[in-house]
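Commentary on secondary and tertiary structure
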Amino acid sequence: MGWLTRIKDSLLNKIKKKIPKKDIESVEKKRKEDYLKKKEILKKETIKIEKSPSKKIIKSDAPIEIKKKKSFFSLFKKKDVSKEVEDPEKKGGWFQKLKSGLFKSSEKITQGVKKIFVNKKLDIETLNSLEELLIMSDLGPIAAEKLTAELANEKFDKNVEEEEVRNFLAKKIEDTLIDIAKPLTFENLKKPYIILVVGVNGTGKTTTIGKLANQYSKEGKKIMIAACDTFRAAAVEQLNIWAERSNAEFIKGKEGCDAAGLAYEAVEKAKSKKIDILFIDTAGRVQNKIELMEELAKIIRVMKKLEPEAPHHCLLTLDATTGQNAINQVEIFKEMAEVTGLIITKLDGSAKGGILLSLAEKFGLPVHAIGVGEKIEDLQSFEAQEFAKGLMGLEN
């Protein structure tokens, strides 16, 4: 007899001693009667099948449930969630695209909360598990600690359901993000209104400039785009295509030319042509941090000779799939230029959406827009409530 069997028998004996003898006899008698009934039903079914002239299935008077036996390894088979998620293009709507883009983060949080809050009171153990889950979901330690503390303050030692927890977290996240959700505005529009766009190469600077240029062009504003990342021919070509789509003026120089000199020329032409908005693309080679810092400082310095308040906006594009690395990028570019706002891109794949909460807690910079796809309309103003609900896997 194994140690597990001995423990089991010992526990059963202790329990039986506490139960009156007549109750035990009654339970045993009922169990025996049930067993005999089932045996009789099975016997009748067997006789019916044997007497049947054909091999057709005979309808049974008793319900017989047949289940496919699972192998040991199938218990650990990863669940295919891709079939369960509706294609956002088919379902349609901006919120569904956003929710789909945040799926990786929201699935981790949703499944984690379900495991933690299973008929449990909110105690220290569950709070610690929740805080760890939120940190692992890229919300960051500061935001995770704050959210769990607020939940404990209102719900400690109470029974809470997982959906109640997700709704609570969504509301608190919305409250945190609502102050940084600010659309890009042009107060007292001066001509030209100069927008400097910075960010690591590959974060979507070029596409973001193209989408913004197209949107403002449709509003009737005169747009100019200057390709001041003079070392990337592909980026210059892509910007040129966007400029043509947006009916915007386009300025480029020779490959490898001085970026600051090109920016000066762009401001000069924009002023003479009475351009409303001038977008200036920049390089993002952070591996050459000192050179990049000097180049950005020079661009800003020469622009101020023509327009003392330039740039009126300095937008930093961040790739949502990079997670906590986005914090390092903000710190680097804040050293180089006075960043006034953020554009979050690529919320259409394996995005780590929780990073927005970390950015809000650490920097408090406005988030002007988020992108959930490649189409022009897929760059929209950032809405705190939609984002919070999408992150928590809730319906809008």
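Residues numbered from 1 in each chain as written. Predicted model: local features only at pLDDT ≥ 70, side-chain atom pairs only at ≥ 80, totals over all residues. Heavy atoms only, no water.

1. Some words on the packing of helix α7 (residues 141–155) against helix α8 (residues 162–177)
Viewed as axis vectors pointing N to C, α7 and α8 meet at an angle of 125°, and their least axial separation amounts to 11 Å. For the element pair α7 / α8, the angle class is oblique. Judged by the sense of rotation from one axis to the other, the crossing of α7 with α8 is right-handed. Listed contacts from α8 to K146, L147, E150, L151, E154 and K155 of α7 are E164, V165, F168, L169, K172, I173 and T176. For the contact of α7 with α8, the residue count by class is six nonpolar, one polar and six charged. (Axes fitted to C-alpha atoms, helices over the stretch in contact; angles between N-to-C directions. Helix = DSSP H or I, 4+ residues; strand = E, 2+ residues; numbered from the N terminus. Parallel < 35°, antiparallel > 145°, perpendicular 65-115°, else oblique. Left-handed = near helix turned anticlockwise from the far one by under 90°. Contact = heavy atoms within 4.5 Å. Nonpolar A, V, L, I, M, F, W, Y, C, P; charged D, E, K, R; others polar.)

2. Considerations on the pairing of strand β1 (residues 193–198)
Counted residue by residue, β1 has six buried out of six residues, so it is predominantly covered. Side chains of β1 alternate between two faces, with Y193, I195 and V197 and I194, L196 and V198 buried alike. Of the pairings in the sheet, the one linking β1 to strand β4 (residues 277–281) comprises five bridges and is parallel in character. Of the residues in β4, the one forming a bridge with I195 is F279. Bridge count for β1 against strand β5 (residues 313–319) is four bridges, and the pairing is parallel. In the strand pairing of β5, L196 is matched with C314. (Buried < 20%, exposed > 50% of the residue type's maximum accessible area, 1.4 Å probe, protein only. Pairing = 2+ DSSP bridges.)

3. A closer look at the sheet that holds β5
Read from one edge to the other, the open sheet built from eight strands follows the order β3-β2-β4-β1-β5-β6-β7-β8, with strand pairing classed as mixed. The open sheet is flanked by β3 (249–251) and β8 (379–381), the only strands paired with a single partner. Direction aside, the axes of adjacent strands within the sheet are offset by 20° on average. Lying over the sheet, helix α12 (residues 289–306) contacts β1 and β4, oriented at roughly 175° with respect to β1.

4. Some words on the confidence of the model for the protein chain
Close reading of the predicted structure is inappropriate where its pLDDT is low. Scored by pLDDT, the protein chain has a mean of 80; 75% of the residues are at 70 or more. The secondary structure element of the protein chain with the lowest average pLDDT is helix α3 (residues 88–91), at 42, and the one with the highest is strand β2 (residues 223–227), at 98. Contacts for the low-pLDDT stretch residues 1–12, under 50 throughout, to residues beyond four places or in other chains number two contacts. Across residues 14–19 the pLDDT falls below 50, and counting only partners more than four positions away or on other chains, this stretch makes two contacts in the model. (pLDDT = per-residue confidence, 0-100.)

5. Concerning unusual backbone geometry
Note: most residues except glycine have negative phi, and most peptide bonds are trans. The omega torsion of the bond from A310 to P311 falls at -10°, within 30 degrees of zero and hence cis. Here D157, not a glycine, exhibits a phi torsion of approximately 65°, which is positive. With respect to the helices and strands, the residue D157 is situated in the loop between α7 and α8. A positive phi angle is found at K346, which is not glycine, with a value near 60°. Tracing the chain through its elements places K346 in the loop between β6 (341–345) and α14 (355–362).

6. So, the packing of aromatic side chains
Applying the stated rule across the entire model yields one aromatic pair. The ring of W242 is capped by R245, whose NZ or CZ atom sits 4.6 Å from the centre of that ring. (Phe/Tyr/Trp six-rings, centres within 6.5 Å; stacked < 30°, edge-to-face > 60°. Lys NZ or Arg CZ within 6 Å of the ring centre and 35° of its normal.)

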